[in-house]
Each structure stands twice: as structure tokens, then as C-alpha cells.
Amino acid sequence: MSGFARSVVVGGSGAVGGMFTRLLREAGSRTLVVDVAPPPEERDTCLVADITAPGPELAAALGRADLVLLAVHEAVALKAVAPVTRLMRSGALLADTLSVRTGMAAELTAHAPGVEHVGLNPMFHPVVGMAGRPMAVVITRDGPGVAALLRLVERGGGRPVRLSAEEHDRTTAATQALTHAVIVSFGIALARLGVDVRTLTETAPPPHQVLLALLARVLGGSPKVYGEIQWSNPRAASARRALADALHSFASLVGDDPDLHNKDSDGDGHRETEGLDSVFDELRRLMGPELTAQQDRCRELFRTIHRTDDEGETDR
């Protein structure tokens, strides 16, 4: 059993909400899907209602539920906290799937400090399933409902990773906002260089092939979603500034001025690398014990690209 006899999943017609709806129903929970605009094929199986202004039917369902899960946009979820928690019964669990945590933490402190609550942010696309994949978990107020929901995630194959609200937003600014900024900026640079992508694909070493594949993956998604990740996370702007500053630092190390290149070269035409040497040392210290494991992972990735058993490229 799920531990939740009755559940309400708001936004259950969406990809993330649908994933949790299936998880709850498979565990035996009587789960009501609520959506303001469900697809036509799901209108007969869900309650069409606005969670920010619950009518009588929705209010009654919220009052009976052991779990209310908000799988909606941040603006809707934050606006729903006050009316939803006023209707929830004592001891029921409130959960959400927001990708930014600090705003929800503040809203709960202001309107529902005594309500048991957990935030679950799937760090993967729901279509691939949660088996073996990380789920960022931020517990605002712990309790038996939180424990039951995390056990349910684990039984579904998910891997909960507990973080504070601040730690979550700082981490996702790096894993999502920074990562996407790197990939899209790489694509913008390619476009400005005027290169032929077919030629690149035919000649590129594995690191470039990986970047092309990452760019293709991002381009298969929604610009709105990627944009929302950038503007919704309060830490994303500082991540982008760090990226821009890092690129300027790298340019100063390798030298964009050909006259400086000639001046600093040794007799064989090789540029001095003291600056890069120190950067590599610093980054190796940053990676710490993870360095070897990630090098092994990269070798496996390169073998996949070339479908060979060799060691792959190391420095190109």
C-alpha cells in the first residue's frame, strides 16, 4: 500500500503529475486528478477545477485527502498554498514538484507553518521513468507522510537525494541553468562561426560529438521550459555570470592576441602554459575523489560513440 488511502494530484494530466498519479494508483491509492485544462481524452477521468480557487467539489476532495500533490507551475503552486492548506485535514501531507525551492519555503512559513510538506524535483524527464534516477527532496516539515511518500518513490525505483531549500536552488543553478547555458552558448558560437555541421560530425573528436549530441537534445525540447529554468531560479543569473567570467579568464590564459602568442612562445613555437597548469591543478582538486570515476565514465561514453573497445580520445 502507498500509505495514502486518498490522494489528489493537481496537474495530474501533465508529464510529471502523470508519473506520480501512476505511482500512487499502482500502490493502491484512490487518486483524483485535478486540472484546469486537461486533454480532451482525460476530461471524463479528472476534475476540471482551479486549485487557487477551490469550488465545493474540489474543497471536499482536499478535505478527505491524505496527500495533496501540486504538479503545477510555481506561480500557481505558491498561490494555491493558502487556500489548499486551509481545506486539508490535520495530518495530511502537502507535496509539490517545483524546480525552485526557496519561494515555496517562504510561502509555507507565512501561511502553513504546521503543515507536513515535502518538495520532490525529478532530475530527469518523466518519459524515461524514475528507475535508478535521482529525485531532489526538500523537506520543509517532516512527518510520517513524508516518510511514506519517499518510501513510495524508492519502491518505484527513484533515488531520493535530500537537500535544504537553499542547497537545492544553488545545486540546480549549476546542474540545470549553468549546464543549459553552456550547451546553448556552444550552439550560438557554432552558428556565428559559420561552420557546416555535417562536416563537423564527420571530422569531430568525441568531446565535440558529445556537445553536438547535447545541443541536439536541448533543441528537441521546449524553449519556454528552458527559459523558465533560467529566469525562475534565483541563483541562475550568478551561474551565468560565473560562466561568462570563466570564459574571459580562459581567453586571457590562452591569449586572443597573436602578437602575445609570438612573444610568449619558446623557441619551438610552444606557448607557456603556467596559467593553464595552475587551472588544471585547481580543477583536479575541485573534482577530488570523483575525478577518476568521471574519467572512467567518459571513456565508456566515448566507447559508445565509436562502438569500440579502445580507450577513446584523451586530450582533443
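Whatever comes next refers back to the structure up there.
Because the structure is a prediction, the values reported are computed rather than measured.

(A) Region of interest: the overall build of the chain. Across its full length, the chain holds 13 helices and eight strands. In terms of principal-axis extent, the alpha carbons of the chain reach across some 85 × 40 × 35 Å. Burial status across the chain gives 38% buried among its 316 residues. Residue pairs at least 24 apart in sequence account for 63% of intrachain contacts in the chain once pairs closer than 6 positions are excluded.

(B) Structural view of the nonpolar core. One finds Val 8, Ile 51, Val 68, Leu 70, Val 84 and Leu 94 to be the most contacted residues of the largest nonpolar core, which totals 26 residues. Broken down by element, this core gets its largest block of residues, five residues, from helix H3 (residues 74-87). Not counting residues up to four positions away in its chain, the partners in contact with Leu 70 are Val 10, Ile 51, Ala 77, Leu 94, Ala 95, Asp 96 and Thr 97. In this structure, Phe 20, Leu 24, Ala 95 and Met 130 belong to the second largest nonpolar core, which totals 24 residues.

(C) Focus on a nonpolar patch on the surface. Together, Leu 247, Phe 250 and Val 254 make up an exposed nonpolar region whose accessible area comes to about 280 Å². Within the fold, Phe 250 resides in helix H10 (residues 236-254). The exposure class of Phe 250 is partly exposed, given its relative accessible area of 44%.

(D) Looking closely at the sheet that holds strand S4 (residues 67-70). Taken in spatial order, the eight strands line up as S3-S2-S1-S4-S5-S6-S7-S8 in an open sheet, and their pairing is mixed. Only two strands of the sheet have a single partner each, and these edge strands are strand S3 (47-48) and strand S8 (159-162). Relative to strand S6 (residues 116-122), strand S5 (residues 93-96) runs parallel, the two sharing four bridges. Within S6, the residue paired with Asp 96 across the bridge is Gly 119. Sheet contacts for helix H1 (residues 15-26): strand S1 (6-10), strand S2 (30-35), S4, S6 and strand S7 (134-141); angle to S2, the most-contacted strand, approximately 165°. Strands S1, S2, S3 and S4 of the sheet are contacted by helix H2 (residues 56-64), whose axis makes an angle of about 130° with S1.

(E) Highlighting the environment of Ala 49. Structurally, Ala 49 is set in the loop between S3 and H2. Placed 85 residues apart in sequence, Ala 49 and Pro 134 show a C-alpha to C-alpha distance of 31 Å. Discounting chain neighbours no more than four positions away, the residues touching Ala 49 are Val 34, Asp 35, Val 36 and Leu 58.

(F) Here's a closer look at the side chain of Thr 172. If you trace the backbone, Thr 172 turns up in helix H6 (residues 165-193). At a separation of 3.4 Å, a polar atom in the side chain of Thr 172 contacts the main-chain carbonyl oxygen of Asp 169.

(G) Inspection of the packing of H3 against helix H4 (residues 102-111) at higher detail. Remark: H3 packs on H4, axes separated minimally by 10 Å, with the N-to-C direction vectors making an angle of 20°. Relative to H4, H3 is oriented roughly parallel. In this structure, the crossing between H3 and H4 has a hand that is right-handed. Every residue of H4 that contacts H3 at Glu 74, Ala 77, Leu 78, Val 81, Ala 82 and Thr 85 is listed here: Gly 103, Met 104, Glu 107, Leu 108 and His 111.

(H) Layout of the pattern of salt bridges. One pass over the full model with this rule turns up six salt bridges. The salt bridge involving Arg 235 is made with Glu 166; its shortest N-O contact spans 2.8 Å. Here Glu 166 lies in helix H6 and Arg 235 lies in the loop between helix H9 (223-232) and H10, a separation of 69 residues in the sequence. The exposure class assigned to Arg 235 is partly exposed, which follows from its relative accessible area of 31%. A salt bridge links Asp 296 to Arg 299; the nearest nitrogen and oxygen atoms lie 2.2 Å apart.

Definitions and limits used
Residues numbered from 1 in each chain as written. Predicted model: local features only at pLDDT ≥ 70, side-chain atom pairs only at ≥ 80, totals over all residues. Heavy atoms only, no water. Helix = DSSP H or I, 4+ residues; strand = E, 2+ residues; numbered from the N terminus. Buried < 20%, exposed > 50% of the residue type's maximum accessible area, 1.4 Å probe, protein only. Contact = heavy atoms within 4.5 Å. Core = buried A, V, L, I, M, F, W, Y, C linked by side-chain atoms within 4.5 Å. Patch = residues over 30% accessible without salt bridge, like charges linked within 9 Å, V, L, I, M, F, W, Y side chains within 5 Å. Areas by Shrake-Rupley, 256 points an atom, 1.4 Å probe, with all protein chains shown as cover. Salt bridge = Lys/Arg side-chain N within 4 Å of Asp/Glu carboxyl O. Pairing = 2+ DSSP bridges. Axes fitted to C-alpha atoms, helices over the stretch in contact; angles between N-to-C directions. Polar contact = N/O pair within 3.5 Å; in protein donor to acceptor, adjacent residues only side chain to side chain. Parallel < 35°, antiparallel > 145°, perpendicular 65-115°, else oblique. Left-handed = near helix turned anticlockwise from the far one by under 90°.

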